[in-house]
Each structure stands twice: as structure tokens, then as C-alpha cells.
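Observations on chain architecture
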Amino acid sequence: MIIDNILAAGVELANVKTILLLSVGVFAGLIAGAIPGFTVAMGVVLVLPFTFTMTPVQGLSTMIGVYVGGFSGGLMSGILTGIPGTPGSVATTFDGFPMARKRGMPGFALGIGVWASFFGGIIAAVCLAFIAPQLALIGLEFQPWDYFALMMFAITMTASLAGDNLVKGLIAGMIGLLAATIGEDVVVGVPRFNFGIDAVGQGFSFLPVLIGLFAFSQLLSDVQDKKTATRKLGSGSEEAVRIEHFKAAKTVLKDWVNLVRSSLLGVFIGVLPAEGAAISNVLAYDQAKKSSKTPEEFGTGCVSGIVAPESSNNATAGGALITMMALGIPGDIITAVMLGALLIHDVTPSPLFIAEQPILAYSIFMAFFLANFIMLALQSITLRGFVLVTHMRMHILASVILIYCAIGVFALNNIDFDLWTLLLFGILGYVLKSLGFPVVPIILGVVLGRLAEDSLSRVVALSYDPMAFLARPWSLFFIMLAIMSMIFPFYQRQSGKASWTVYFVPAFLIALALPMYMMNGYFRPGIAVIMLALGLALMVKRYRNSDGKKTIAAKS
Amino acid sequence: MSRPGDNYLGRDGITGEIYMHRLNRDTIVALFLLVICGVFFYDTIGIKSFPEQMSPALWPRLILSVFTVLVLIYLTQSILKKEPEGDARGGFVGWLKHYQNPLLCYFCFFIFLLILPYLGMLITGVLFVFTLTTILGERSQKDLIINAAVSLFSVGGMWLIFTKLLGVILPTAFFTYAF
């Protein structure tokens, strides 16, 4: 069955136009990712208007190309200049830049980064093709209560990780959800919050809201300061070096344990709804250092220090796609944009998506797989393009991108109102960012708002009892996760300082054991019993340890 | 002990540093958000309901309820927060100087939207890019030539891609109708 779907998807993808679009996407992603401050998400957002006239397969393939290329592009800037091109390449600079500058091996450093990205992406592609359908089968168990709780968990998780202040993150999420209610309601089409303006009665289109909140505000932040606005994108000292592919590939494969571990870590973090690659690359680096026999070499130009972050950031892309494809929930902002793109093409991702549209689903898997090969082939060419682009000044790039945003937004519906929406949300996004509110939860709220309301309407149609959210195992599971995700930032800050933090992990295990025990069958309740036992054992152990420490402190 | 001129200010007992007790930027933002909550809540009263269906006002009210609670927490945090005075950027003029570039961008985009229906996307786009690059960047003769070339080629290129390659209809100038 899977083989049949893969073959059918292969036929769908194997036409010149689709491969060309995928390649253009990878190229654009490599350049976008290489420019510090530009971000992969911006690249995907800017490609979106081009995809309107394409088929869903072509449009998604192009965006996936940008996605894969973007994370690999970040290493170019990080290794050659010490400035990460994307947040997903921060840890790459720790060893990539010293290897390039201090050890004088820029070609080898780039090669390691490129091949680590490639293998990380391939591992994630395999996980995507096999895990997503299985996760979708679990998703088929979800009823409207569970789906609603999942979306709320996605928003709380993103809010808790997006910024420094949890309350501001949650407020941002609520702003996004509220913005999605403007216009006609999803059930009966009653106009809401139009305040007498007919055009607003239709609601705001997703694309101008997204581009306004994210791209418009980001560009204005980039040109805010007169000095940064007129500076060149690069330092001016970048050179197109020759990547040592063969030597690098061999070296990366020798470090296969680190490679596989970092890739799987990246996939796992990508599955969780949050800013995946920004977290995964640092975590993978940290794990690689802790597991290494020579941790003192990290930071001096160590091979493992490049393999870990670059394999994990590309693998995160695959993880985020798993959640999007299997559950219809975006794993990061980029998959949130892709979700929006699918909605524009009248395709609604959900647990039924893979079962109902297998060719489209497997085309996306294969596009992700192919994109990694194309990335490998294009990296050397893109390096020359990167060196040229670094001579451009920020204010010129920003001005050109702003007009491109306007043209792209207008192309969606051919109405002036979308351009005014772009301006309005551009102002809103910039103001909120300046005030310390993260933009990602707002975007997630806008993307998920109508889907959440749809789920809630089904819940209300079936039963008015709010206790049903606690009585259903999956719903309770996601509610527990949401609560834990809100406590997590406090745990992070107080870890090692406050005594309650030692009980966080065991409490987390015990809390999740309850809904798992309520699930059908024997496997999950069995896991629940193990989790409960483990949680209780950890709790007792930590209590005894802390009691012992108090006794020693009292005696001394 | 308060000193003359301390009005809404407090003085840290250890460092002697002056801090604002109540009214700071976050407090103003929180109060503004509360007003927004109130306005939207009031608007939900006028939303029609239908029997046997979830009320279209239910979901917005749920969001607004949570929103209000969060804003109240934010307001409390802002009031209790000690923020050293001296965050001012030289008053209104200083504020304008600090946000000059973004304000100019918004203003240019606003003008762009106003004249778009008359001059079309191509001409208005070229003018927009040229004006913005000139305002934000240097204004030597060489820079002006570069800005003009960039605006012509970039906007022209985009216009060609969208209209000829992708078949998208973009607004045209009023005088083209005469032909």
C-alpha cells in the first residue's frame, strides 16, 4: 500500500516543471537562509503568492524546497562570517566558524555542514514517510473535543516558548484567535466585528495577515536603525570557497552515532508545536558535547560540533511536516504557512488527509526527500550567489521585498482590501513586536482559529457538557500537556534554584499517565502504568535526596 | 521616605534609584487592551443567535474572557514591576527620530495604496521603491541612479512575471484605458 502510494506520487512529481520548481525553491531557500535576519519563514512566505497558479503538488513542492534549502543556507553565513543565517544555525557557528577561520578549512567546514544537513534530511524523510501515516491513524481516534484540546495545546506550547514572557505569548495567541473571528462565523455565516464596514464583513484573508504580521514587521525592524538600514548584508570579505565534498561526506559518516542521534532529536522536536529548529540545533549540540569523549574540543572547530546542529535542524523540518501532515497542526511557523497554502488550494490537512489524498500526501514526502538531494547539488552554485547578495544593502532589499509583498498579496484575490489588510497587520505586527509580544503565537492563532471554532461547534452540537473535555482521554492528555507547557518556562528559569523544580519531571509523567490509562487496549494503559511507577519512584528519590541535603545543611 | 517630585515615583531603599510605581509602558498597553476587550465584548451583544446551533458569539466570548484574564494579569505584573526612570527618548521628537524609518515606510506604503487605483501597479510600484530607497538610504547622484535602476528592474521584472508568466491581472494606470 505504501509502495503503491510512493510510486503514484513519484509519477506525479516526475515531470520537468515540478522538479524545476522544486529546484528553484531549494535555490531560493539557500539564498534566503544564508542572509542573516532574513529567515527561512520569510522565504517561504514570499514564495507563497507564486504558488497560487500552481497545482497543490507543485506549490507545496516549491515551498518544501525553500524549507529544506533555507536550513542548509544558514550554514553558509554561519561558517564563513560567524553570523548564523537562520536561528537554526546558531550552534553551527560555535565550531563551523573556528574551523573556517582559525584552522583555515572553510571548504571542509562547509562540506561537513552540507553533508550533515543532507543525511539529517534523509533520516527525517524516512521518518516522515513511515511515522506520519501511523500518527494519522492515531489522529483518526480524535473526536472534536480532542482536536480542540490539541489546537489549544499547540497555541500554549508556542506561546510558552516563543518569547520571554508567557503572559505576553498567551495574549498574542488570543489576539490571533480573535483576529480569526472577524468576518463571517464558520457555522452559519453571521457577520461578526465588522463595525459597520462591509469589506471587513468578509473577514481578513490569511495571506495579507501573515505577510503583514511577519514579513512587513520584520523588514521594518531591519531598517529601523539608519546605520543597519544602509549597511551591506555581508561583511564584504566573503569568498566563494570550494566545498570538499568527498572528504566531508566520509568524515560525517564516521560520526554516524552523533548524526543519527541529532537527527532523531531534531525529528522529535519538530513534531512538537513550537519554533523547532531554533531549539533543536542548540539541544543537539549540547547533547553531542555531553556524549563526546573529547568535549574540550567543542568550540575550537570540532567536526561533531558541526554535524550535530546541521543534521538536527534539517531533521526538524521533517518532524514539523509529520505533525502537519498527520494531524493538521503546524509544527512551526513554516508549516503554519504551508497549512495556509493548503487551505488556499482547498485542501484541509487533518488526520484523514493522508488516507483521503494519498497521492498529494506522498508527493509531499517525496518532495522533501528529493529536496535534500537537490540541496546537495546546488550548494556550491548558491555559494557564489550568496557572495553576490552580500554586497546588497538592507534598505534596497527591504524596499524591493515590500513591493513584492504588495504584488503577491494583491494576486491572491485581486481586491484592494487585502492591501489595506497588509498595511494594518504590518503596523500591528511591528507595534506588538516592539512591545515585546511574540508574533508566532498570533500567526498560529490566525491559522488555527477557524479550525478550532469548527471543532468547538461540533462539540456543542454533540454535547453541552464541558466535563467531556476531561472525561475523554486524548482531550485530557492535551489539556495536561497544555498545562505543563505553561509551567515549563517557570521550570526552566527556576531549575536548580527552587526546590519544586526537582518534582516537575515526575509530576509530568504522573499527570500524563492518567489519560493514557484511560485509553483503549492494553499497550497504552501498560505504558501509563510504567510512567506512573517511574514518576512515583523519581518523586520519592528526589524527595529523599532533598531531605538528605536539608539534614546535612542543618547539621553543618 | 518620599521627596518632592516623587509623585508617582518610588525610591529603592537600597540603591536609591527612582522607579515608576504605576504608570509605565506595559500598564498603558494593558489598559488599552482592556478597552479593546470591552469594545469587542460589547459588539458580541449584537451578534444574532440561531436555535439548535452554537451561538456565533460563544467562541469570541470565550476568547475574550481568557483574553481579559490574561490582560488583567499583565496589568498587575506591569504595576508591580519596578522600571527605572530615564527610559525616555527625548520626548515626542525623540520618539519620532527613533521610529523615523518605519514611520516613513508606512507613510510611503499608505500613499502607494492611495494612488494605486490611478497609476496602476507598475508605475506606483516603481515610484514606491525609488522613493523608499532614496529616503532610507544615501542621496548622492550615484545612489539615485542605482535606486532608479533597482526600482525599474525589480518592479518591472516582478510585474512581467506576475502578468505574463503567471497570468495575474494587476491594476493598470487610468490612461491605459484610452488605448
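Owing to the predicted nature of the structure, the values given are computational and were not obtained by experimental measurement.

Quick notes on the overall build of chain B
Counting secondary structure elements, chain B contains 5 helices and 3 strands. Expressed as a percentage of the 179 residues in chain B, the buried residues total 25%. For chain B, restricting intrachain contacts to residue pairs at least 6 apart in sequence, the fraction spanning at least 24 positions comes to 55%.

Thoughts on the overall build of chain A
When its secondary structure is counted, chain A shows 24 helices and 2 strands. The C-alpha atoms of chain A give 24 Å as radius of gyration, which agrees with the globular expectation for 556 residues (24 Å, within 12%). Across the 556 residues of chain A, 60% fall into the buried class. A separation of at least 24 residues holds for 78% of the contacts in chain A among residues at least 6 apart in sequence.

Concerning the packing of helix α6 (residues 106-139) of chain A against helix α11 (residues 245-254) of chain A
Residues and elements named next belong to chain A. Close contact between α6 and α11 brings their axes to 8 Å; oriented N to C, the two are set at 55°. Considering the angle they form, α6 stands oblique to α11. In this structure, α6 meets α11 at a crossing whose hand is right-handed. Along its contact with α6, which presents F108, G111, I112, V114, W115, A116 and F119, the element α11 presents H245, K247, A248, A249, T251 and V252. Classifying every residue of the contact of α6 with α11 by side-chain character gives 9 nonpolar, 3 polar and 1 charged.

Observations regarding the interface of chain B and chain A
Taken residue by residue, the interface counts 45 residues in chain B and 43 residues in chain A. Elements supplying a minimum of two residues to the side of chain B that touches chain A: α1 (25-44), α2 (58-80), α4 (100-136) and α5 (141-165) of chain B. Ranked by residue count, the leading element in the side of chain B that touches chain A is α4(B), at 14 residues. Its residues placed into classes, the side of chain B that touches chain A shows 34 nonpolar, 8 polar and 3 charged.

Points about the packing of helix α18 (residues 394-413) of chain A against α4(B)
Packed helices, taken two at a time, are described by the angle between their axes plus the distance between the axes. Running from N to C, α18(A) and α4(B) cross one another at 165°; their axes reach a closest spacing of 8 Å. When the axes of α18(A) and α4(B) are compared, the pair comes out roughly antiparallel. As for the relative orientation of α18(A) and α4(B), their crossing is right-handed in sense. Only F109(B), M121(B), G125(B), F128(B), V129(B), L132(B), T133(B) and L136(B) of α4(B) make contact with α18(A), whose side of the interface consists of H395(A), I396(A), S399(A), V400(A), L402(A), I403(A) and I407(A). Split by residue class, the contact of α18(A) with α4(B) holds 11 nonpolar, 4 polar and no charged.

Some remarks on the confidence of the model for chain A
With 95% of its residues at a pLDDT of at least 70, chain A reaches an overall mean of 85. The lowest-confidence element of chain A is helix α10 (residues 226-230) of chain A, averaging 76 in pLDDT; the highest-confidence one is helix α8 (residues 166-181) of chain A, averaging 93.

Focus: the domain arrangement of chain A
Residues and elements named next belong to chain A. Structurally, chain A comprises domain 1 (2-233 + 241-459) and domain 2 (468-555). Look at where the C-alpha atoms of domain 1 and domain 2 centre, and you get two points 32 Å apart. With 13 residues of domain 1 at the contact, the number on the domain 2 side is 13 residues. Looking at the side of domain 1 that touches domain 2, the element that brings in the most residues is helix α7 (residues 144-162), giving 9 residues.

Quick look at helix α9 (residues 206-222) of chain A
All names here are of chain A. If you check α9, its first and last C-alpha atoms are 24 Å apart, about what 17 residues at 1.5 Å a residue would give, namely 24 Å. The largest bend in α9 is about 35°, located at G212. Among the 17 residues of α9, 15 are classified as buried, and the element is accordingly described as predominantly covered.

Side note on unusual backbone geometry
All names here are of chain A. One non-glycine residue, F193, adopts positive backbone phi at about 55°. Looking at the secondary structure, you find F193 in the loop between β2 (191-192) and α9. At N414, a residue that is not glycine, the phi angle is positive and equals roughly 60°.

Structural notes on the confidence of the model for chain B
Summary statistics for chain B give a mean pLDDT of 81 and a share of 80% for residues scoring 70 or more. Model confidence for the complex: the whole-complex pTM is 0.83, and ipTM, which rates the interface, is 0.84.

Description of the nonpolar core
Counting residues in each nonpolar core, the largest one holds 239 residues, and the members touching the most others are V44(A), M151(A), I171(A), V337(A), F368(A) and I443(A). Apart from residues lying up to four places away in sequence, V44(A) is in contact with M63(A), V66(A), Y67(A), I334(A) and V337(A).

Observations concerning helix α22 (residues 473-494) of chain A
Residues and elements named next belong to chain A. Here α22 contains 22 residues, and its C-alpha end-to-end distance of 31 Å stays within 8% of the 32 Å for a straight helix at 1.5 Å per residue. Taken together, the buried positions of α22 are occupied by P473, W474, S475, L476, F477, F478, I479, M480, L481, A482, M484 and S485. Buried-residue contacts for α22 involve α7, α21 (468-471) and α23 (504-517). Once α22 finishes, G496 follows within two positions and takes phi at roughly 90°, a positive value.

Describing the environment of G156(B)
Examined against the element boundaries, G156(B) turns out to sit in helix α5. When the C-alpha atoms of G156(B) and F128(B) are compared, they prove to be 13 Å apart, with 28 residues separating the residues in sequence.

Details of the environment of I47(B)
All names here are of chain B. Structurally, I47 can be placed in the loop between α1 and α2. For I47, a count of 17 C-beta atoms within 10 Å translates into the label partly exposed. In this structure the C-alpha to C-alpha distance between I47 and L58, which are 11 residues apart in sequence, comes to 9.8 Å.

Brief notes about the environment of A308(A)
All names here are of chain A. Mapping A308 onto the fold places it in helix α14 (residues 304-327). Residues A308 and V282, 26 residues apart in the sequence, show an inter-C-alpha distance of 8.8 Å. For A308, the contacting residues outside a window of four places in its chain are N258, S262, A284, Y285 and A288.

Calculation notes
- Residues numbered from 1 in each chain as written.
- Chains lettered and ligands numbered in written order.
- Predicted model: local features only at pLDDT ≥ 70, side-chain atom pairs only at ≥ 80, totals over all residues.
- Helix = DSSP H or I, 4+ residues; strand = E, 2+ residues; numbered from the N terminus.
- Buried ≥ 20, exposed ≤ 12 C-beta atoms within 10 Å, placed from the backbone.
- Contact = placed C-beta atoms within 7 Å.
- Rg over C-alpha atoms; globule rule 2.2 N^0.38 Å.
- Axes fitted to C-alpha atoms, helices over the stretch in contact; angles between N-to-C directions.
- Parallel < 35°, antiparallel > 145°, perpendicular 65-115°, else oblique.
- Left-handed = near helix turned anticlockwise from the far one by under 90°.
- Nonpolar A, V, L, I, M, F, W, Y, C, P; charged D, E, K, R; others polar.
- pLDDT = per-residue confidence, 0-100.
- Domains from an automatic or database assignment.
- Expected span 1.5 Å × (residues − 1).
- Bend = angle between axes of the 7 residues up to and from the residue.
- Core = buried A, V, L, I, M, F, W, Y, C linked by C-beta atoms within 7 Å.

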